[in-house]
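A structural walkthrough
Okay, here's what each chain looks like letter by letter:
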Amino acid sequence: MRAIIVRTPGGPDALELTDVPEPVPGPGQVRIRVAAAAVNPVDAATRSGVLADAGLMPPFGARPSVGIGWDVAGTVDAVGPGVARIAAGDEVIGLKDRLDLPTGAYADAIVLDADAVAPAPRSVPAVEAATIPLNALTALQALDLLDLPAGGTLLVTGAAGAVGGYAVELAAHRGLRVVAAASASDEALVRGFGAEMFVPRGEHLGDAVRALVPGGVDGALDAALLSVAALDAVRNGGAFAAVNAGPATPLPLRGITVHNVWIRANGAQLTHLAALADLGRLTPRVADVLPLSEASKAHERLQAGALRGRLVLTP
């Protein structure tokens, strides 16, 4: 089968389309025939060697090549021993949350643990469904860590981005009052996701948020990695969740509980997210669709920025 791999870290041209042996599902695993795979910043960070340099995966050379791609939508075509709830022919979405594997979702097929897979939304095409797992799970797991009650106030930074947009929708669905921070041109977009209040990027965030919510918000989901600037908008004793901030995670000033959100695959949560997508309460956004053979071009466009939604590769 065909797969995109990286042998030596580098720019988009480090992505190599090659033939590899088709993976065979082991106990508790399923093989998915890929219909669509989303392109995410973590893919670029893997390809470039940033994650290896940060110690988040073994250095390149530990294995002959590294596969790329986390998000997948497709059809199960084989199941390993011990898998009961998923069968061949099922349309699914799934998440590869291990960085150091020989192949990823940028491929004709991928093997995942069955508990990293969920039934695909019935009303959403595969190219849209492929944008759900990584970004919506990150938003959901961040909100779970914050654990704010209905009626509470939440700041979401990067609210027009993939994680931020899903976070606004999921928070509004939970009954939270959302303050969205994004570019001024995205105000209508994020209000459409359910944001009650809006702060344009470029203003002093803490002051602007506190002008809307005296004393500060109950919690913040920092998808834009603004760190202490976003923490400043949170009330004393509130909660803060940084998305993959690592060493940039702010200190827990003023009694604020600070979390660093590291994504994990979760089939039950994916099932919940797929159901919300079918109800129209979760909005997948696709910037463009490219063939698998143009993965390098997709990474060039990702690197250029200014995308609304995810690029998606199709075999």
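Refer to the preceding data block for the structure.
I will try to describe carefully the structure that is included in this document. (Residues numbered from 1 in each chain as written. Predicted model: local features only at pLDDT ≥ 70, side-chain atom pairs only at ≥ 80, totals over all residues. Heavy atoms only, no water.)

A few words now on the sheet that holds strand β4 (residues 66-67). Strands sit in the order β2-β1-β4 across an open sheet of three strands; the sheet is antiparallel. A single partner strand is all that each edge strand has here, and the edge strands are β2 (16-19) and β4. (Pairing = 2+ DSSP bridges. Helix = DSSP H or I, 4+ residues; strand = E, 2+ residues; numbered from the N terminus.)

Turning to the packing of helix α1 (residues 41-48) against helix α10 (residues 295-304), a few remarks are in order. Between α1 and α10, whose axes approach to 10 Å, the crossing angle comes to 110 degrees. In terms of their interaxial angle, α1 and α10 are classed as roughly perpendicular. Contacts between α1 and α10 pair P41, D43, A44 and R47 from the former with H299, L302 and Q303 from the latter. Across the contact of α1 with α10, the residue classes tally to three nonpolar, two polar and two charged. (Axes fitted to C-alpha atoms, helices over the stretch in contact; angles between N-to-C directions. Parallel < 35°, antiparallel > 145°, perpendicular 65-115°, else oblique. Contact = heavy atoms within 4.5 Å. Nonpolar A, V, L, I, M, F, W, Y, C, P; charged D, E, K, R; others polar.)

Ranked by internal contacts, the top residues of the largest apolar core, which has 88 residues, are I32, I93, Y106, L154, L221, L273 and L282. The greatest single-element share of this core, amounting to eight residues, is contributed by helix α4 (residues 133-146). Within the second largest apolar cluster, 19 residues are counted, among which are L155, V217, F240 and A242. (Core = buried A, V, L, I, M, F, W, Y, C linked by side-chain atoms within 4.5 Å. Buried < 20%, exposed > 50% of the residue type's maximum accessible area, 1.4 Å probe, protein only.)

Following the criterion strictly, the structure yields 14 salt bridges and no others. Ionic pairing is found between E22 and R31, a salt bridge with its closest N-O pair at 3.5 Å. For R31, a relative accessible area of 13% translates into the label buried. Ionic pairing is found between K297 and E294, a salt bridge with its closest N-O pair at 4.0 Å. It is possible to trace a salt-bridge network through shared partners that takes in E22, R31, R33 and D77. (Salt bridge = Lys/Arg side-chain N within 4 Å of Asp/Glu carboxyl O.)

On to the pairing of strand β7 (residues 109-113). Look at any regular strand and the pattern is simple: side chains alternate between the two faces of the sheet. Among the five residues that make up β7, four are buried, leaving the element largely enclosed by the rest of the structure. Bridge count between strand β3 (residues 29-38) and β7: five bridges; the pairing is antiparallel. Residue Q29 lies in a different strand from β7, and its bridge partner there is D113.

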